Amino acid sequence: MTLSNLTHEEITGVLPPEAPGLKPNDLDGARAFKIAHFDAELVRLADSVSLLDAWRGKLDLVRPPAQPKTLQDLVAQARDTLRRGRLGTDRVLIDRRIELVTTLRTEIAR
């Protein structure tokens with residue numbers, strides 16, 4: 001992934017807020033605040049990945065019948081398909097965000 005492939009929302013979603021109480025010329029304090037923000041964001045994203053993987057494992061335990069015989073089975077199959085699609089999409093978005101946060105943290109830590 002390159003940074004040119006990112007949307008404005010993805011970039012602004014991971015940027016740290018203004019550091020409270022820092023003087024405008026305190027570059028070391030600002031750098032430490034940003035690194036701490038990105039570290040916390042990486043921990044939060046890792047937790048999100050763990051939750052998504054747990055949900056995927058739960059879906060694998062209870063699969064609807066492959067050939068639905070009733071309307072209820074058909075609805076269960078449709079829900080399962082939608083949930084799996086949503087988990088896959090969420091995982092892709094989280095992976096992109098992890099890569100962005102890691103890149104930004106690396107650049108700031110230099």
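Calculation criteria
Numbering of residues starts from 1 in each chain and follows the order in which that chain's sequence is written. With pLDDT at 70 or above as the cut-off, local features in this predicted model cover only qualifying residues; side-chain atom pairs require 80 or more to be listed or tallied, and sums for whole chains, interfaces and linings still use all residues. To get the side-chain values, take all heavy atoms of the structure and skip hydrogens and water. Between N-to-C directions, angles cover 0 to 180 degrees, with each direction set by a line fitted to C-alpha atoms, over the stretch in contact for helices. For helices the rule is a DSSP run of H or I covering at least 4 residues; for strands it is a run of E covering at least 2, with both sets numbered from the N terminus onward. Any angle that falls under 35 degrees is termed roughly parallel, while one over 145 is termed roughly antiparallel, one within 65 to 115 roughly perpendicular, and all others oblique. Take the far helix as your reference; a near helix turned counterclockwise from it by less than a right angle gives a left-handed crossing, and one turned clockwise gives a right-handed crossing. When residue character is reported, Ala, Val, Leu, Ile, Met, Phe, Trp, Tyr, Cys and Pro are called nonpolar, Asp, Glu, Lys and Arg charged, and the others, Gly included, polar. We call a set of buried Ala, Val, Leu, Ile, Met, Phe, Trp, Tyr and Cys residues a nonpolar core when their side-chain atoms join them within 4.5 Å. Buried means the residue's accessible area, taken with a 1.4 Å probe over protein chains only, is under 20% of the maximum for its type, while exposed means over 50%, and partly exposed covers the values in between. Any two residues having at least one pair of non-hydrogen atoms within 4.5 Å are treated as being in contact. A score between 0 and 100, pLDDT records how confident the predictor is in each residue. Any helix carries an expected span of 1.5 Å times its number of residues minus one. Two N or O atoms count as a polar contact when they lie within 3.5 Å, although within protein this holds only if one can serve as hydrogen donor and the other as acceptor, and sequence-adjacent residues are included solely when both atoms are side-chain atoms. Counted as salt bridges are all cases of a side-chain nitrogen of Lys or Arg within 4 Å of a carboxyl oxygen of Asp or Glu.

A.B. asks: What am I meant to see in the packing of helix α2 (residues 27–61) against helix α3 (residues 71–109) here?
C.D. replies: A packed helix pair is summarised by two numbers, namely the angle formed by the two axes and the spacing between the axes. Between α2 and α3, whose axes approach to 9 Å, the crossing angle comes to 160°. When the interaxial angle is binned, α2 and α3 end up roughly antiparallel. As α2 packs across α3, the resulting crossing turns out to be left-handed. Tallied by class, residues from the contact of α2 with α3 come to 15 nonpolar, three polar and 15 charged.

A.B. asks: Mind showing me how you'd approach the nonpolar core here?
C.D. replies: Nonpolar side chains in soluble globular proteins tend to be buried together. Judged by nonpolar contacts, L6, V14, F38, L45, V49, L52, L59, L87, I94, L100 and V101 together constitute the single largest core of eleven residues. Elements with a contribution of two residues or more to this core: α2 and α3. With five residues, α2 is the single largest residue contributor to this core. Apart from residues lying up to four places away in sequence, L59 is in contact with D80, R83, R84 and L87.

A.B. asks: Help me understand the confidence of the model for the protein chain, please; the structure alone is not making it clear to me.
C.D. replies: Any residue range with low pLDDT should be treated as having predicted coordinates unsuitable for detailed reading. Predicted confidence across the protein chain gives a mean pLDDT of 87, with 96% of residues reaching 70 or more. Per-residue pLDDT, averaged within each element of the protein chain, yields its smallest value for helix α1 (residues 8–14) (82) and its largest for α2 (91).

A.B. asks: Where do I start with α2 in this structure?
C.D. replies: Because an α-helix packs 3.6 residues into every turn, residues spaced three or four apart end up facing the same way. The terminal C-alpha atoms of α2 lie 51 Å apart, and with 35 residues this matches the ideal 51 Å at 1.5 Å per residue to within 8%. Inspection of α2 places G29, I35, F38, E41, L45, S48, V49, L52 and L59 among the buried residues, and these make up the whole buried set. Looking at the buried positions of α2, the neighbouring elements they touch are α1 and α3. Measuring from the backbone nitrogen of G29 back to the side-chain oxygen at the start of α2 gives 3.1 Å, which picks out D26 as the cap.

A.B. asks: Before we go on, may I ask you to explain α3 in this structure?
C.D. replies: Between its first and last C-alpha atoms α3 spans 56 Å; for 39 residues at 1.5 Å apiece the expected length is 57 Å, and the two agree. Looking only at α3, the buried set comprises D80, L87, D90, I94, L100 and V101. Check the buried side of α3 and you find it contacts α1 and α2.

A.B. asks: When you look at the pattern of salt bridges in this model, what are you seeing that I'm missing?
C.D. replies: If the charged atoms of two oppositely charged side chains come close together, the side chains can form a pair. Following the criterion strictly, the structure yields eleven salt bridges and no others. Close ionic contact of D28 with R31 constitutes a salt bridge, the shortest N to O distance being 4.0 Å. Linking D28 with R31, this pair stays in helix α2, spanning three residues, or about one helical turn. Here D28 falls in the exposed class, since its relative accessible area comes to 58%. The shortest N-O distance in the salt bridge between D95 and R91 comes to 3.2 Å. Taken together, the residues D95 and R91, both in helix α3 and four residues apart, mark about one turn of the helix. Assessed through its relative accessible area of 24%, R91 is described here as partly exposed. One network of salt bridges, with partners in common, ties together E41, R44 and R97.

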